[in-house]
Amino acid sequence: QRVALARALAIRPQLLLLDEPLSALDAKIRVSLRNEIRAIQRQLGITTIYVTHDQEEALSLSDRVVVMSNGRMEQVGTPFEIYNFPQTSFVASFVGTLNTLKAQVIDGSKGLVEVNGLKMNVGKAMIGGSTQVALRPEQLRLSRTTSDENELRGTVDTINFLGSVVRIDIKIGDQKLSLDEFNSPHLTLPKLGEQVTVYFPPEVCLVMNS
């Protein structure tokens, strides 16, 4: 890969195309070469199109990300915009991990919905009927920090140790959501089957078309 990159740069191109350049490498070498490619690109100032299915690569390397589906552009934006403000349900579900909960609209003008018998404020107006509320695992907490946060009650289904984070899967009635806790030596985890309450502020809710 380094030789191929050097060969491409030798002719001093105005545009560099990299098509899945790290797909055959192990994890540590991928990260090292990814950083090297980004440093070279910045040093030489060459506009670079980087094609990848690896979302971490796309988000960490890019100034601007184009998310495509079936040959069409779903959204174009900075990595921050793509992850935090997806414009379509495909982008929201494709980029990163996303919890999607079925909900019924109680008061669309006030942004109030109901999930498994519990009222929630999604922080934005919507049309009445059924909808879907989407939440990122890292935006959920097992302890309340402010009084106006939403809460959902459920049962711990699985606990997965992922290194820097611990992912807890919680059953909310017949639905399930994942919650990420940052790992630390002092982290106290719930037990399997334990009843827990999940908290999150209204502004982190994404409302998707059902």
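Scroll up a little and you will see the structure.
*Asks:* It is not clear to me how the overall build of the protein chain should be interpreted in this structure. Could you clarify?
*Replies:* The secondary structure content of the protein chain amounts to five helices and 13 strands. For the C-alpha atoms alone, the extent of the protein chain along its principal axes is close to 65 × 45 × 30 Å. Each of the 210 residues in the protein chain was classed as buried or not, and the buried ones make up 37%. When contacts within the protein chain are restricted to residue pairs at least 6 apart in sequence, long-range pairs at least 24 apart make up 56% of them.

*Asks:* What's the story with the environment of V133 in this structure? I'm lost.
*Replies:* Note on placement: V133 falls in strand β8 (residues 130-135). Given a relative accessible area of 1%, V133 falls into the buried group. When sequence neighbours within four positions are dropped, the list of residues in contact with V133 reads N99, T100, L101, A103, V113, M120, V122, C205 and L206.

*Asks:* For this particular structure, what's the right way to read unusual backbone geometry?
*Replies:* Only a minority of non-glycine residues have a phi that is not negative, and only a minority of peptide bonds are not trans. A positive phi angle, close to 50°, is found at E20, a residue other than glycine. As for its placement among the helices and strands, E20 is situated in the loop between β1 (15-19) and α2 (27-44). One non-glycine residue, N116, lies in positive phi territory at about 55°.

*Asks:* What should I look at first to understand the sheet that holds strand β9 (residues 150-161) in this one?
*Replies:* Strand order across the open sheet formed by four strands is β11-β10-β9-β12, with antiparallel pairing between neighbours. Bordering the open sheet on either side are β11 (175-182) and β12 (195-200), each of which pairs with just one other strand. Within the sheet, the average angular offset between the axes of one strand and its neighbour, ignoring direction, is 50°. Note: β9 against β12, six bridges, orientation antiparallel. The partner of N150 across the bridge, within β12, is F200.

*Asks:* Could you clarify how one ought to interpret the pairing of β9 in this entry?
*Replies:* Regular strands have side chains that alternate between both faces of the sheet. Note that β9 and strand β10 (residues 165-172) share six bridges and pair antiparallel. If you follow T158 over to β10, its bridge partner there is D169. Linking β9 back to β10 in an antiparallel pair, the connection comprises three residues, with G163 at a positive phi of about 95°.

*Asks:* Would you explain the pattern of salt bridges in this entry?
*Replies:* Pairing between side chains becomes possible if they bear opposite charge and their charged atoms approach one another. Taken as a whole and judged by the stated rule, the model has ten salt bridges. The shortest N-O distance in the salt bridge between R153 and E151 comes to 2.8 Å. Residues joined in a network through salt bridges with shared partners are R30, D54 and E57.

*Asks:* Looking at this structure, I do not really get the packing of aromatic side chains. What am I missing?
*Replies:* Remark: the centre distance and the inter-plane angle together describe each pair of aromatic rings, the angle taken between the planes. Tallying each qualifying case throughout the model produces two aromatic pairs. Here F90 and F94 contribute two aromatic rings whose centre-to-centre distance is 5.2 Å and whose plane-to-plane angle is 10°, an arrangement assigned as stacked. Placement of the pair is F90 and F94 together in helix α5 (residues 89-94), with a separation of four residues, close to one helical turn. Residue F94 is classed as partly exposed on the basis of its relative accessible area of 36%.

*Asks:* What should I look at first to understand the environment of I46 in this one?
*Replies:* Examined against the element boundaries, I46 turns out to sit in the loop between α2 and β2 (47-51). Sequence separation between I46 and R12 is 34 residues, and the spatial gap between their C-alpha atoms is 8.8 Å. Discounting residues that sit within four places of it in the chain, I46 has contacts with L9, P13, Q14, L15, L16 and Q41.

Definitions and limits used
- Residues numbered from 1 in each chain as written.
- Predicted model: local features only at pLDDT ≥ 70, side-chain atom pairs only at ≥ 80, totals over all residues.
- Heavy atoms only, no water.
- Helix = DSSP H or I, 4+ residues; strand = E, 2+ residues; numbered from the N terminus.
- Buried < 20%, exposed > 50% of the residue type's maximum accessible area, 1.4 Å probe, protein only.
- Contact = heavy atoms within 4.5 Å.
- Pairing = 2+ DSSP bridges.
- Axes fitted to C-alpha atoms, helices over the stretch in contact; angles between N-to-C directions.
- Salt bridge = Lys/Arg side-chain N within 4 Å of Asp/Glu carboxyl O.
- Phe/Tyr/Trp six-rings, centres within 6.5 Å; stacked < 30°, edge-to-face > 60°.

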